[in-house]
Amino acid sequence: MDGTGDVEAIHVAPESGAATERTERVETVAGAGLRGDRHFDPDSADGDVTLIEAETLAAVESEAGIALDDGAHRRNVTTRDAALNHLVGERFRVGDAVCEGVELCEPCSHLESLTEDGALAALVHRGGLRAVVVESGEIRTGDLVESL
């Protein structure tokens, strides 16, 4: 990723299957993920955070007529002007936290079951990024996303 992007929205779901809730800030914990999110696990060494590009959400709505607003995409952090696919294997800063891109966050049938038919196909290879938190910190709406 050249340059920087920013955090447009943050969503967490308190438990598996629960609707996501928008928040203005979230605490990240190295190796555990986002405090208050369904995937937060202080006993794990690979707590994750998921990110998706706002530009992808706009394209999916334009091309497939599928609106994934208000966290329906199930990703934690929505970014703008951040080329997330290029961050696989790279360290990057989001707000005060440092993350490392692990893999593309491909869509699953569960996501489609929560949204509408076609969501899975519309997000293939552009469903976002799964990353691990390597340095704890806070992420806030409006924070920078930048390569390290």
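Refer to the preceding data block for the structure.
Presented here is an overview of the structure given in this document. (Residues numbered from 1 in each chain as written. Predicted model: local features only at pLDDT ≥ 70, side-chain atom pairs only at ≥ 80, totals over all residues. Heavy atoms only, no water.)

What follows is about the pattern of salt bridges. Enumeration over the complete set of coordinates arrives at 12 salt bridges. With a shortest N-O distance of 2.9 Å, Arg140 and Glu138 are connected by a salt bridge. On the accessibility criterion, Arg140 (22% relative accessible area) is partly exposed. Arg140 serves as the salt-bridge partner of Asp143, at 3.5 Å between the closest nitrogen and oxygen. What makes Asp143 buried here is its relative accessible area of 11%. Members of the salt-bridge network, linked through shared partners, are Arg25, Asp96, Glu138, Arg140 and Asp143. (Salt bridge = Lys/Arg side-chain N within 4 Å of Asp/Glu carboxyl O. Buried < 20%, exposed > 50% of the residue type's maximum accessible area, 1.4 Å probe, protein only.)

A few words on the environment of Gly137. Structurally, Gly137 is set in strand E10 (residues 137–140). Along the chain, Gly137 and His86 lie 51 residues apart, while their C-alpha atoms are 22 Å from each other. Aside from chain neighbours lying at most four places away, what touches Gly137 is Val26, Glu27, Thr28, Asp96 and Ala97. (Helix = DSSP H or I, 4+ residues; strand = E, 2+ residues; numbered from the N terminus. Contact = heavy atoms within 4.5 Å.)

Among the nonpolar cores identified, the biggest contains 20 residues, and Val7, Val49, Leu51, Phe92, Val94 and Ile139 are the most heavily contacted of them. When residues no more than four places from it in sequence are discounted, the contact partners of Ile139 are Val7, Ile10, Glu24, Arg25, Val26, Thr28, Val94 and Ala97. (Core = buried A, V, L, I, M, F, W, Y, C linked by side-chain atoms within 4.5 Å.)

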